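Fold and geometry: a report
In case you want the letters, here they are:
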Amino acid sequence: MAGLSCSWQCHFLFSLFHFLFVMAEVGSFADRVKQQADIVRVVSEYVRLKKTGKDFSGLCPFHQEKTPSFTVSPIKQIFYCFGCGKGGDVYNFVMELEKCEFPEAVKLVAEKCDIAIPRLKERSPVERKENQQRAVLVEMHREAQSFFVKQLEGTLEGKAARAYLEDRGLDKDAIARFGIGYAPSGGDLLLRHLKSKYSEKLLVDSGLVSRDQGGRLFDRFRRRITFPISNESGKILAFGCRALGDDQPKYLNSPETPIYSKSNVLYHMDRAKDGIRRQDFAILVEGYMDAIAVARAGISNVVASCGTSLAEPQIKLLGRFTHRVIVNYDPDAAGQSATERSISLLLEQDFEVRVLALPPVGDKKADPDLFIRERGAEEYLRLVKEAPPYVDYLIARARQMDLSTAEGKRQAVNFLLPYVQKIPNRILRSEWATRIAQQLRLDEPVLRAALSKAAAERRSEVKIQPELAGRAAKPVERRLIRMLAEAEGFRHELAQQLQNARLYHGLETEKIFAALVIASLSGQPLQATEVAAVLEERDRRLLFEILFEDATEPTWEEALSCIEALQHRQAERELADVQRSIEANPPVAEMRGLLEKKQDLMRRLAAAR
Ligand SMILES: [Zn+2]
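A brief structural summary.

Definitions and limits used
- Residues numbered from 1 in each chain as written.
- Predicted model: local features only at pLDDT ≥ 70, side-chain atom pairs only at ≥ 80, totals over all residues.
- Heavy atoms only, no water.
- Helix = DSSP H or I, 4+ residues; strand = E, 2+ residues; numbered from the N terminus.
- Rg over C-alpha atoms; globule rule 2.2 N^0.38 Å.
- Buried < 20%, exposed > 50% of the residue type's maximum accessible area, 1.4 Å probe, protein only.
- Contact = heavy atoms within 4.5 Å.
- Areas by Shrake-Rupley, 256 points an atom, 1.4 Å probe, with all protein chains shown as cover.
- Lys, Arg positive; Asp, Glu negative; His and termini not counted.
- Charge placed at Lys NZ, Arg CZ, Asp CG, Glu CD.
- Expected span 1.5 Å × (residues − 1).
- Arc of directions from axis to C-beta.
- Donors = N, O, S within 2.8 Å, 3.2 Å for Na, K, Ca; no water.
- Tetrahedral: all angles 85-135°; square planar, octahedral: opposite > 155°, others 65-115°.
- Phe/Tyr/Trp six-rings, centres within 6.5 Å; stacked < 30°, edge-to-face > 60°.
- Core = buried A, V, L, I, M, F, W, Y, C linked by side-chain atoms within 4.5 Å.
- Pairing = 2+ DSSP bridges.
- Axes fitted to C-alpha atoms, helices over the stretch in contact; angles between N-to-C directions.

The next thing to look at is the overall build of the protein chain. What the protein chain contains, in helices and strands, is 27 helices and 15 strands. Its C-alpha radius of gyration of 32 Å places the protein chain more than 25% over the 25 Å reference for a compact globule of 609 residues. Each principal axis of the C-alpha distribution contributes one length, and for the protein chain these read about 110 × 70 × 45 Å. Within the protein chain, the proportion of its 609 residues that are buried is 47%. Excluding contacts between residues fewer than 6 apart, the proportion of contacts in the protein chain whose partners are at least 24 apart in sequence is 65%. Element-wise, carbon and sulfur atoms account for 52% of the exposed surface of the protein chain, whose accessible area totals about 30,900 Å². On the protein chain, the mean spot of the 90 positive side-chain charges and the mean spot of the 85 negative ones are 2 Å from each other.

Written out as structure tokens, the structure reads:
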């Protein structure tokens, strides 16, 4: 037992000192950034925060929730989620959310707060090479972009392309605003433009140039209108291209490259994000022509998934700005099944989803681009405002099935059930179940039962593991922990007293106390998040909970009375031990000592009352 406890302590001390050492090593820049950075400013780039008292709160980006349990303290410069228990300082937040390492987090925070970065050493030669390669590829895309724009503006071929664009209602302003360009038909014009500057390998890696079977290089995009695809901060990472004539495929995009992965990027996000945040919803369309049409109709908060399948990273990206979305995909079969898949994925990420299914224009099924051209922006806006919740859309889809037979009804219910189960709110689930039963005229008890069963349970419900939920620590312990973490004036003295009298030994909160006492006695400025980093999950959570409790300014008098309370408890514990030993009926000599000790403890306890 003693051995165990020693090895735990050694390990623990080692981690703590190692941690302090590493912190000193990574050094002053990280500290300086942290002092200047505002955690509220950084977090609000990812989470919509609302001021609540002296803290801010919002929906946790690390777990799915409907009511905010994610809290940020501008005073302490830390965050904590009461739901999932994630917590820490601005770096912990960025590391967790961006899935990056400490040096990268420091860099990101510095960038976000406009703090100039001294050249950080990259960790390995491989990594340095990759970073360089990515930077070069981004630069190459910038050059390709100006090449495409020049082709559209100043060549004969470009003139034909401009005519085509005008025909689609895209005037000069729109072309400039969305950076639309033209990839000429020559086959190697871009290649020749870039060849002098970049190696063959980089050219192929960029996806702008392909290699034929004979090993010869040629332009990937030929005789196509080009649309630059940027990440959310506006860096061009890829191109989406539409054939000018009847060339196949009609749409050809950049392949996956070291800088571009289509499931990570939403077209138009760089320009849409402010509008999305402001209006707290986004319109999701399929292609860039749709996004451009909607944006030009005066609705800036539109993004395109660029392809029919919306991917989870794209939803997470969107979720940094809003959790409300109107899906407006094409009305064809592919678009419909894409709509249904998107609904599923969005619901899993706790989005509020509405669906806009545009009515046909004449006898043509209408995508947003066509609809706005034919019917105008105002009519489109009206339909956006009236877009029904996704369940109405799904019921309408189910009603298109043959409901005259029992089999058809069964199919319709099976189509709807998975969605019902994804509705997070139980009352809403049961409301929708009733509504579905009415709309589909379900009188079969079996189907009704299946529906109410689905309404009663939710498959993907997030449950907090009970063993990880914070434990109840006694108020005195909580108060002392808070003082050790924050009372600059007497932390050292307090730690000394707690240490000398071994007052926290045997408490449930022992490890938290030990960490804080060691850190307080080290003489270094204490940062709660650094202490938290050496604690086990349960203790770490408890520490954060305590730090976020409402509390008054601590005083030394209060500290003393807390110490007294702990002494009292210690005496009670000892008394119980002594009593147990007495009851074991030891030899006389020992018994005498025990009885004396019992008397002494009882006197002490009586005096304390
Ligand atoms: Zn959480």
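Turning our attention to helix H7 (residues 156-167). Its 12 residues place the ends of H7 17 Å apart at the C-alpha level, agreeing with the 16 Å of an ideal helix rising 1.5 Å per residue. Inspection of H7 places Gly-158, Ala-161, Tyr-164 and Leu-165 among the buried residues, and these make up the whole buried set. For H7, the angular spread of the buried residues around the axis is 115 degrees, confining them to a single face. Turned more than 90 degrees away from the buried face of H7, the exposed residues are Leu-156, Lys-159, Glu-166 and Asp-167. Along its buried surface, H7 packs onto helix H6 (125-154), helix H8 (172-177), strand E6 (181-183), strand E9 (224-230) and strand E10 (236-243). Positive phi shows up at Gly-169, right after H7, with a value of about 85 degrees.

Only Cys-60 (SG), His-63 (ND1), Cys-81 (SG) and Cys-84 (SG) from the protein reach the zinc ion as donors, at distances of 2.1 to 2.3 Å. Between the four donor atoms coordinating the zinc ion, the angles at the centre fall across 103 to 117 degrees, so the site counts as tetrahedral. Look at where the donors of the zinc ion fall in the sequence and you get C-x2-H-x17-C-x2-C. The exposure classification of Cys-81 matches that of Cys-84, with both residues buried.

We now examine the packing of aromatic side chains. Following the criterion strictly, the structure yields 21 aromatic pairs and no others. Relative to Phe-93, the ring of Tyr-46 lies with its centre 5.6 Å away and its plane at 65 degrees, an arrangement referred to as edge-to-face. Here the residue Tyr-46 occupies a position in the loop between helix H3 (39-43) and strand E1 (50-52), and Phe-93 occupies one in helix H4 (residues 90-98), the gap between them amounting to 47 residues. When sorted by exposure, Tyr-46 lands in the same class as Phe-93, which is buried. An angle of 10 degrees between the planes, with centres 5.7 Å apart, marks the rings of Tyr-504 and Phe-513 as stacked.

Moving on: the nonpolar core. If you look at the biggest cluster of nonpolar residues, it comprises 66 residues, and the most contacted ones within it are Ile-180, Leu-208, Tyr-267, Ile-283 and Tyr-380. Among the elements that line this core, the one with the most residues is helix H12 (residues 288-296), at seven residues. Leave out the neighbours within four places in its chain, and Leu-208 touches Met-140, His-141, Ala-144, Leu-190, Leu-194, Leu-203, Asp-219, Arg-220, Phe-221 and Phe-239.

It is worth spelling out the sheet that holds strand E15 (residues 352-355) at this point. With parallel pairing, the four strands of this open sheet are ordered in space as E13-E12-E14-E15. The open sheet terminates on both sides in strands that have one partner only, identified here as strand E13 (302-304) and E15. Strand-to-strand twist in this sheet, taken as the mean axis angle between neighbours without regard to direction, amounts to 30 degrees. Here strand E12 (residues 282-285) pairs with strand E14 (residues 324-327) via three bridges, running parallel. What sits directly across from Ala-282, in E14, is Val-325. In the packing of H12 onto the sheet, the strands contacted are E12 and E13, and the crossing angle to E13 comes to about 170 degrees.

Further remarks concern unusual backbone geometry. The step from Gln-248 to Pro-249 runs through a cis peptide bond, and the omega angle for that step is -10 degrees. Tracing the backbone through its elements, the reader meets Pro-249 in the loop between E10 and strand E11 (251-253). Positioned with a positive phi, Arg-223 is a non-glycine residue whose angle comes to about 55 degrees. The phi dihedral of Arg-502 falls on the positive side, at around 50 degrees, and the residue is not glycine. You can see Arg-502 is positioned in the loop between helix H22 (491-500) and helix H23 (510-521).

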